[in-house]
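# Architecture and fold: a report
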2 protein chains.
Amino acid sequence: MPTTRDETSPAADTAARRQNNPGTRDSSLGSFFKPKTVAVIGASEKPGGVGRALFENLGTFRGALYPVNGQRDTIFGKKAYRNIASVPAHVDLAVIATPAGTVPGIIKECVAAGVKAAIVISAGFKEAGPDGIELEHQILEATKNTPLRVIGPNCLGVMGPHVNLNATFSKDMARTGNVAFLTQSGALGTAIIDWSLKEKVGFSAFVSIGSMLDIGWGDLIRYLGEDPQTHSIMIYMESVGDAPAFLAAVREVAPVKPIVVIKVGRTDAAAKAAASHTGALTGSDEVLDAAFKRAGVLRVQTIEEFFSMAKMLAKQPLPRGPRLSIVTNAGGPGVLATDMLVECGAQLAVLAPETITELNKVLPPHWSHSNPIDILGDADAPRYAAAVAVAAKDPGADGVLVILTPQAMTDPIATADLLRTYAHMEGKPLLTSWMGGTRAKTGRVILNEAGIPMFDYPDEAARAFANMWHYTESRLPRQVPEPGSEKPAPFVAEPDEARVTDLIAAVRRRKGTLLTEYESKQVLSLYGIPTVETRLATTVDDAIKAAESINFPVVLKLHSDTITHKTDVGGVKLNIRDASEVRAAWTAIEAAVKAKHGTGHFQGVTVQPMVMLKGSELILGSSLDPQFGPVLLFGAGGVLVEVFKDRALGLPPLDPYLARRLMEQTKIFKVLKGVRGRSSVDMAALDQILVRFSRLVAEQRWIKEIDINPLLASPERILALDARIVLHGPEVKAEDIPALAATL
Amino acid sequence: MPTTRDETSPAADTAARRQNNPGTRDSSLGSFFKPKTVAVIGASEKPGGVGRALFENLGTFRGALYPVNGQRDTIFGKKAYRNIASVPAHVDLAVIATPAGTVPGIIKECVAAGVKAAIVISAGFKEAGPDGIELEHQILEATKNTPLRVIGPNCLGVMGPHVNLNATFSKDMARTGNVAFLTQSGALGTAIIDWSLKEKVGFSAFVSIGSMLDIGWGDLIRYLGEDPQTHSIMIYMESVGDAPAFLAAVREVAPVKPIVVIKVGRTDAAAKAAASHTGALTGSDEVLDAAFKRAGVLRVQTIEEFFSMAKMLAKQPLPRGPRLSIVTNAGGPGVLATDMLVECGAQLAVLAPETITELNKVLPPHWSHSNPIDILGDADAPRYAAAVAVAAKDPGADGVLVILTPQAMTDPIATADLLRTYAHMEGKPLLTSWMGGTRAKTGRVILNEAGIPMFDYPDEAARAFANMWHYTESRLPRQVPEPGSEKPAPFVAEPDEARVTDLIAAVRRRKGTLLTEYESKQVLSLYGIPTVETRLATTVDDAIKAAESINFPVVLKLHSDTITHKTDVGGVKLNIRDASEVRAAWTAIEAAVKAKHGTGHFQGVTVQPMVMLKGSELILGSSLDPQFGPVLLFGAGGVLVEVFKDRALGLPPLDPYLARRLMEQTKIFKVLKGVRGRSSVDMAALDQILVRFSRLVAEQRWIKEIDINPLLASPERILALDARIVLHGPEVKAEDIPALAATL
């Protein structure tokens, strides 16, 4: 089996089903967030029970609310209904909190009643074992080809603050705001609501996504992308689920609304823990990272960073550039913030001469005269305000961070008060850090209320600014790499797919999955990737003829459709200078292979010119990820690939822009561009080779693994010196091969 | 000039002075922290003034307090004295807050009155320009060869909480505790005191170190190392000052008391900002990092980590190993903590079978059955307590983290209350994270009061545990690298220093600073570092003779005492197979050098065997850091050194243990130990080569730069193939060369 995808995986089912009725159902998600009528199925008066908490929390809902309970006539004095069919109005949203075993039946009733949205709070499904999986199947079966969409099961519920909808069993209702928050951990969701109340961060939507039986990340992102009340989307993710759906939605929404993800399970130990508690599949984190980059998601690593981004996005605009001005009453914290700022890839703004002149007018003579703008320990509130006013006006600054440390003359409250004027600057975020535990507290409250994000520490604030900038950066328009600076890319004709199909068929006929080096290079050639001239010789005389026609010195390599690691069996002879050496090499290779593997594995040799070019050895490869399908790898090649791990991953297909961005992530990229007096390789040609390679991988879905190692890149030429292609076995069906996750 | 040390630098003066009366003065530091009598010079009633704040803050001091003021008879009703001479008792500690210009005079009076400790709060010295530097000189002059030691100038002051001494102008007094806190930023100090009051962290000493005119890090660390009330030392550092004194003190104290440093100015931009506000020198941050590692300092990067360590060290023991157990009522936060734990180099504890059995007895059937121990969303306080009790007993756990998220059945207060029992477990730290903003608050207060560190986020807690473990790890006893697993190190005789001196003298005689490759290799040989056989030939016939005696193939390289980059001038010819090729190579090199540089630069060739061994190219080098003196560099060599930067820095001298630790920090280390079927190189021999090289660098202080690149390390042999040594110019005096910072 080429993939680890579980055939019983609901995600796979969902993806398959979505293909049956594509795009017809997304519009109904409005019923989750802006319903007019809500039924709570399993509403109860039982103290401490979820059914009671739900019913109580929905008490503030502005629309009509109907408790449904099989045994009771009233719930807290409100008429209760035996089932959804008996509810006297059309129900937009059903919230279900009954035992798992009853849920498939209730879902059928919802379908019958024309309900479009159901939230299944109940646990006891996939995560509980085979019986739970069976219940999930029944739910999917019941909703198939119906308009009913399901969030959950095993979740905390949904909040729509703008309509006062708290369809969760968490007591605290989120504030109204413009951040949509999606979480795969209900408990973390509760903690975040709690935190947001303190920090005055408001939400447009809150979704505890649960097991993603039906509705997954992609559905929600697409819906929220069109929701006018949502300005940004924050996601706590444990597994990506339906990867192509997620990527497609992000690709659509990220250019207009920031999407920030904290994805746990980066390490194997954590991934294992996550799998055990959600029953969810997890793929390689490195691949996920590449996918996030491709789609324009900003990934953060710690809860602190996640909260920082939530604060920033809720309250301030994205900066237009990387340059931050820092106003501080103490040098140390300014330096601390500078370290973090630079390490996170942003910069200190350089003060314009006029800014310095203006600051000279409002500050005492000993101020720092550069950024960080140290306005000195005795700074009072008006001095702070004056300095911020000047700093903010500088066209060379893309944001302002104000740091306050408690000193003798410091007035944290009055300073906070005066800063409120600068809470909303066009395209220039304002950040603050009022340091200290108790004395700065009131000042912090004032800033929070005024919509100015407050950070406990100045380095946190600097990181938040840098993260905001990275988001802006990821949305900058694509530039064709250095137009005109290089030779035009070589013309390559359309690949001859029929010949590739023939080659693969030939391998199948011999019941193999491994292409020989000769065949692999032919495939590359058909896709316009330059390979070193490689001639097949099945007799020693043919080999000599080939060598003479190529010109000495040459290389002889074992030709075999069973042995992949030619070097290990003595199957490679370099620097062969004449016919007698060809003969000797042939004999040596044949003898070595027969001794180690027996007759039949030696099927002749390939003859190749001995390439003497000085250049860099690269690796270009692809393998399959169970979630994201084919993944590309580019990096420094040769035998020490695994030691230095100078490589970057990307998703096919690539265009020249994406190819260049992929290469830029490696260290060897600098060498390719020319170091220590070496010339640059033809970068436009290399871009094209990556583009063609990615096309090969995207189109020839029977390829399980492919490597070009080394791809020799010299200023004179770029050449694949060796290649290896492995096909899926004949037992693998086309539909089992993970789909291509990205599109151009 | 080989160094950037400023001759007027007070640090240099201090270091010089300390050498004049070594070790005689440190004992007097007790007067700073435990004085019986304190005089405040510049005490005043002026509102908002530092002199008033100091006097008021010292009001709680348990000993005798004398205000000194040139103009007033009383300060707040207490008799004031005109000067220190008129104070009717012997003064232990003088706190000076008068204008900078008056300080040298006052210091003289202090010396005359036999005062042993003075804190100069006043600013307006080094940081204010040449006049300030002159004032600093006058102070140093006045205290020379006297028992008076000075903290400051330009600082916040000193607190000794155990004697209620607040000799600072910061209003809040630190709580009593066992952490000593030293800061180079007064403002940050105030913020930290403020924070510590909220977090219930207590201090044994608080020092705002100011400009370090006299007392520097080394003095304070050594004193606090012997102070029984201090259990750990936390440092906020902007510049290291007297580097050898700092390292020597740390080396002494770190094995018994943890020393944690946050050093700002990691990036160039921040270093520049720091330099402009403190006037302090800063060296390479990479070198500083190596020095911290060598001395056993734990360096943290963010204020949050710094505070986390302060909390942990103040409240909990160091863990004995890297294995953490996590008890949680929600999966997600447990996964989040696991990611950080593993990424920071610690591990999840593996639960013993008995632990699982015991947990089965106290937990509901669906608990996670592995670590993180997910005790499920409905966990009440007794379930938490029971799980923690079992987890803590497991001998495979070195610490326990308890995570609480606010869910329906959660009782943050009762749970905190029950955990107090486990606040002090022998050798097993307990950490907690009560998530959420407002609802968990009371629980947090209870835990803080009970001495159980509380973290806002579970990933922060995991990082704090990992940092604590790294501290333990740095103190584990040294192991000789893999005894018995390798061949014994080759015997090397003592270096013949006289011959090295002769070689250097020869270079001096020709008024050069560059050793030829031939000479450089001789120096290496004299220190027992194996070099490839290298023969000097000044005629073409000599070259042929040398080649025949060495055996073909050989390498010819330009011999010149003026040209360093031989390859760039066509001065290297490889793979020479016979006498005629020698002749051709000679002619070609001679012609190329004469064409590019003129006659005189060609002084013959060296003849060396063409080494065909397959192995790794390493680089071994050293250059001078202005603060730490010679610094060693080990890493992957060859032409791409600067691209891959696979290297580690260390301080000489090395022993085999330190040599191995240095190499382990690189990726190429894995290759040396053998990968992909390659054999290991002789690691013990390589250890020895590093040891000898470090000795060469430590002993031959006239070396300004030295590189062996490549040092070829193959399983068969280790050989220096090329070497380059540059000497200091004749204008550099021995005392200008930065001292060796480390000792073995």
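All chains use their own residue numbering, which begins from 1 and follows the written sequence. Lettering of chains starts at A and numbering of ligands starts at 1, both following the order in which they are written. Residues qualify for local features only when their pLDDT is at least 70, as the model is predicted, and side-chain atom pairs are given and counted only at 80 or more; totals for whole chains, interfaces and linings, by contrast, use all residues.

It is worth spelling out the overall build of chain A at this point. Numbered from the N terminus, helices here are DSSP runs of H or I no shorter than four residues, and strands are runs of E no shorter than two. When you go through chain A residue by residue, the secondary structure sums to 25 helices and 29 strands. The C-alpha extent of chain A, read off along each of the three principal axes, is 100 × 80 × 40 Å. Between the buried cut of 20 or more and the exposed cut of 12 or fewer other C-beta atoms within 10 Å of a residue's own C-beta lies the partly exposed class, and all C-beta atoms are placed from the backbone. Going through the 744 residues of chain A one by one, you find that 54% of them count as buried. Residue pairs at least 24 apart in sequence account for 74% of intrachain contacts in chain A once pairs closer than 6 positions are excluded. Here, residue contact means that the backbone-derived C-beta atoms of the two residues sit within 7 Å.

Next up on the list: the relation of the copies chain B and chain A. Screw-axis analysis of chain B against chain A gives a translation of 0.0 Å along the axis, an RMSD of 0.1 Å, and a rotation angle of 180 degrees. This pairing of chains is accounted for by a two-fold axis. The position closest to the rotation axis in chain B is occupied by the C-alpha of Phe644 of chain B, lying 4.1 Å away. Of all interface residues in chain B, 100% are interface residues in chain A too; the two copies therefore contact each other through one and the same surface. Least squares is the method used to superpose the copies, on C-alpha atoms of residues holding a pLDDT of at least 70 in both.

Here we take up helix α19 (residues 517-526) of chain B. When you tally the buried positions in α19 of chain B, you get 7 out of 10 residues, the bulk of the element. Residue Gly528 of chain B follows α19 of chain B closely and has a positive phi angle near 75 degrees.

It is worth spelling out the domain arrangement of chain A at this point. Domain boundaries shown here were taken from an automatic or database domain assignment. As assigned here, chain A comprises domain 1 (10-312), domain 2 (317-474), domain 3 (480-528 + 614-744) and domain 4 (533-610). One C-alpha centre belongs to domain 2 of chain A, the other to domain 3 of chain A; they are set 47 Å apart.

Turning next to the packing of helix α7 (residues 217-226) of chain B against helix α8 (residues 243-253) of chain B. Residue and element names in this part refer to chain B. Structural elements are reduced to axes, namely lines fitted to C-alpha atoms, with helices fitted over the stretch in contact, and the angle between N-to-C directions of any two is expressed from 0 to 180 degrees. Look at α7 against α8: their axes get within 7 Å of each other, and the N-to-C directions meet at 15 degrees. As judged from the angle between their axes, α7 and α8 are roughly parallel. Of the two elements, α7 crosses α8, and the hand of that crossing is left-handed. Every residue of α8 that contacts α7 at Trp217, Gly218, Ile221, Arg222 and Gly225 is listed here: Ala245, Phe246, Ala248, Ala249, Val250, Glu252 and Val253. Counted by class, the contact of α7 with α8 contains 8 nonpolar, 2 polar and 2 charged residues. Here is the rule for angles: anything less than 35 degrees is roughly parallel, anything more than 145 is roughly antiparallel, 65 through 115 is roughly perpendicular, and the remaining ranges are oblique. Helix crossings get a hand from a simple test, with the near helix turned counterclockwise from the far one by less than a right angle marking a left-handed crossing and a clockwise turn marking a right-handed one. Residue polarity is assigned by list, with Asp, Glu, Lys and Arg as charged and Ala, Val, Leu, Ile, Met, Phe, Trp, Tyr, Cys and Pro as nonpolar; anything else, Gly included, falls into the polar class.

The strands making up a sheet associate through backbone hydrogen bonding, with each pair oriented either parallel or antiparallel. All names here are of chain A. Pairing between two strands is assigned when DSSP locates at least 2 bridges connecting them. On the basis of which strands lie adjacent, the open sheet formed by 5 strands has the order β2-β1-β5-β6-β7 and parallel pairing. Each of the sheet's edge strands pairs with one partner strand only, and the pair in question is β2 (64-68) and β7 (149-151). Strand-to-strand, the axes of this sheet are offset by a mean angle of 20 degrees, without reference to chain direction.

Here we come to the interface of chain B and chain A. Facing 71 residues of chain B, the contacting portion of chain A comprises 71 residues. Listed by contribution, the elements that provide at least two residues to the side of chain B that touches chain A are α6 (186-199), α9 (268-278), α11 (303-315), α12 (331-343), α17 (458-474), α22 (641-644) and α24 (668-672) of chain B. Ranked by the residues each element gives to the side of chain B that touches chain A, the list is headed by α12 of chain B, at 10 residues. Here the side of chain B that touches chain A is composed, by residue class, of 32 nonpolar, 23 polar and 16 charged.

All names here are of chain A. For Ala249, the position within the fold is in helix α8 (residues 243-253). Owing to 25 C-beta atoms within 10 Å, Ala249 belongs among the buried residues under this scheme. Sequence-wise, Ala249 and Tyr223 are 26 residues apart; in three dimensions their C-alpha atoms are separated by 9.1 Å. Not counting residues within four places of it along the chain, the set of residues in contact with Ala249 comprises Trp217, Gly218, Ile221 and Arg222.

All names here are of chain B. For Tyr81, the location among the structural elements is in the loop between β4 (78-79) and β5 (93-96). On the basis of neighbour counts, which here come to 21 C-beta atoms within 10 Å, the residue Tyr81 falls in the buried class. Along the backbone, Tyr81 and Lys198 are 117 residues apart, and their C-alpha atoms lie at a distance of 38 Å. Those residues within four positions of Tyr81 in sequence are excluded, and the remaining contacts are Tyr66, Val68, Ser86 and Val87.

Moving on to unusual backbone geometry. Residue and element names in this part refer to chain A. Put simply, Asn371 and Pro372 share a cis peptide bond, and its omega is 5 degrees. Secondary-structure assignment places Pro372 in the loop between α13 (353-362) and β17 (373-374). One non-glycine residue, Asn551, lies in positive phi territory at about 90 degrees. In this structure Asn551 comes out as exposed when scored by C-beta crowding, with 9 C-beta atoms within 10 Å. Unusually for a residue other than glycine, Asn575 sits at a positive phi of about 55 degrees. Mapped onto the secondary structure, Asn575 falls in strand β22 (residues 572-576).

This brings us to the sheet that holds strand β22 (residues 572-576) of chain B. All names here are of chain B. Across the sheet, which stays open at both edges, the 4 strands sit in the order β20-β23-β21-β22 with antiparallel pairing between neighbours. Lying at the two open borders of the sheet, with one neighbouring strand each, are β20 (535-537) and β22. With strand direction ignored, the average angle separating the axes of adjacent strands in the sheet is 25 degrees.

All names here are of chain A. Extensive coverage of strand β1 (residues 37-41) is indicated by the burial of 4 of its 5 residues. As judged from the 5 bridges shared by β1 and β2, these two strands associate in the parallel manner. Across the sheet, residue Ile41 finds its bridge partner in β2, namely Val68. The handedness of the β1 to β2 crossover, carried by helix α3 (residues 50-57), is right-handed. For β1 and strand β5 (residues 93-96), the ladder comprises 4 bridges, and the chain directions are parallel. The residue of β5 that forms the bridge with Ala39 is Ala94. Seen with its strands pointing away from the viewer, a crossover is right-handed when the path leading from the first strand over the helix to the second is clockwise.

Note that Gln688 of chain B resides in helix α25 (residues 683-699). Spatially, the C-alpha atom of Gln688 of chain B lies 8.1 Å from that of Asp655 of chain B, the residues being 33 residues apart in sequence.

Looking now at the nonpolar core. Only buried Ala, Val, Leu, Ile, Met, Phe, Trp, Tyr and Cys residues enter a nonpolar core, and they are joined through C-beta atoms within 7 Å. Judged by nonpolar contacts, the single largest core of 445 residues is most densely connected at Leu54, Val95 and Phe465 of chain A together with Leu54, Val95 and Phe465 of chain B. Dropping the residues within four chain positions of it, Leu54 of chain B is found in contact with Val40, Ala43, Val95, Ala97, Ile121, Ala167 and Phe169 of chain B.

Residue and element names in this part refer to chain A. With 92% of its residues at a pLDDT of at least 70, chain A reaches an overall mean of 88. Put simply, helix α1 (residues 10-20) is where chain A has its lowest mean pLDDT, 40, and strand β15 (residues 323-328) is where it has its highest, 98. When the criterion is pLDDT under 50, residues 1-26 qualifies, and its contacts beyond four places in sequence or with other chains add up to 37 contacts. What the predictor reports for the complex is a pTM of 0.86 with an ipTM of 0.84. pLDDT: the predictor's confidence for each residue, scored from 0 to 100.

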